[in-house]
Each structure stands twice: as C-alpha cells, then as structure tokens.
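# Structural description and commentary
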Amino acid sequence: MHSRGARRGSGPRTAQRWVTDEVYATLLHRTVLAERARRVKGVAAARPALTVLSTHISEPRDGVVEATVIVRNPVRVRAVAIRLEGLDRRWRASAISVL
C-alpha cells in the first residue's frame with residue numbers, strides 16, 4: 001500500500017530487499033501505472049494516511065507467515081493479504097495482494 005502512493009525514498013526500490021523478485025516487479029509495475037494516472041489527472045503524489053484496523057496472522061508451516069491486515073484510508077477500507085517467508089534470518093514478502 002505504501003509504495004503505491006509513493007514519494008521519493010518510499011517507492012518500491014526501498015522495499016526491494018524485503019520482497020521477492022516477482023513481488024518487486026509487480027510493485028514497480030503498479031507504481032508506474034499510478035504515476036501515469038496521477039500525471040494525467042494533474043495530482044501530486046502523496047503518502048496515504050492509513051489506519052490499521054485489524055490483523056489476522058497464521059503460520060501454516062515453520063518459516064512461513066500468512067497475514068491479513070485490514071486498513072482504512074480516508075476514502076475506503078481495504079484488506080491486504082501478505083505471505084512472508086523466512087530466508088537467511090530475515091523475512092521476505094513472497095506475495096502481497098490488496099483487495
């Protein structure tokens with residue numbers, strides 16, 4: 001969610017080390033599309049004000065965490081599903097979906 005409304009220093013490149021290559025490619029593509037849409041509409045990029053309403057976490061197997069985070073911005077409530085996998089003593093997101 002954060003990188004979709006990105007400003008300098010907060011885009012997908014910042015997140016690259018914390019996500020898999022596939023997730024990074026998706027984030028980069030969505031960021032480019034969002035930048036184009038903002039340019040057409042003449043809207044400046046702004047960091048969205050998000051409030052976390054709830055989290056649900058499960059551990060389907062050792063080294064894997066799946067979570068759903070319900071977030072609210074001023075316009076709507078959304079669900080973010082994320083799968084984290086432990087690799088080399090750090091967590092990497094292998095899937096992220098915004099519903």
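To start, this report covers the structure provided alongside it.

Rules and cut-offs
- Residues take numbers from 1 onward in each chain, read along the sequence in its written order.
- Selection of residues for local features in this predicted model requires a pLDDT of at least 70, selection of side-chain atom pairs for listing and counting requires 80 or more, and totals for whole chains, interfaces and linings are taken over all residues.
- As a convention, hydrogens and water are excluded, and side-chain values are obtained from all of the structure's heavy atoms.
- Numbering goes from the N terminus for both helices and strands, where a helix is a DSSP run of H or I of at least four residues and a strand is a run of E of at least two.
- Each residue's exposure class comes from its accessible area (1.4 Å probe, protein chains only) as a fraction of the maximum for that residue type: buried when under 20%, exposed when over 50%, partly exposed otherwise.
- Contact between two residues is taken to exist if any of their heavy atoms lie within 4.5 Å; hydrogens are not considered.
- Note: two strands are recorded as paired if DSSP finds a minimum of 2 bridges between them.
- Inter-axis angles, ranging from 0 to 180 degrees, are taken between N-to-C directions of lines fitted to C-alpha atoms, where helices are fitted over the stretch in contact.
- Put simply, buried Ala, Val, Leu, Ile, Met, Phe, Trp, Tyr and Cys residues joined by side-chain atoms within 4.5 Å make one nonpolar core.

With that settled, consider the overall build of the chain. When its secondary structure is counted, the chain shows two helices and four strands. Ordered by position from the N terminus, the helices and strands of the chain form the series α-α-β-β-β-β. In the chain, which comprises 99 residues, the share counted as buried stands at 25%. Counting contacts in the chain only where the partners sit at least 6 residues apart, residues at least 24 apart contribute 34% of the total.

Taken together, four strands build an open sheet; the order of strands is E1-E2-E3-E4 and the sheet is antiparallel. The strands lining the two open edges of the sheet, one partner per strand, are strand E1 (51-61) and strand E4 (90-98). With direction set aside, neighbouring strand axes in the sheet form an average angle of 20°. Looking at chain direction, strand E2 (residues 64-72) and strand E3 (residues 77-87) are connected through nine bridges and run antiparallel. Its bridge partner being in E3, Val64 is matched across the sheet by Glu85.

Ranked by size, the top nonpolar core spans five residues in total: Val19, Val23, Tyr24, Leu27 and Ala93. Take this core: its biggest share by element is three residues, from helix H2 (residues 21-41). Not counting the four nearest positions on each side in its chain, Val19 is found in contact with Tyr24, Leu27, Arg92, Ala93 and Ile96.

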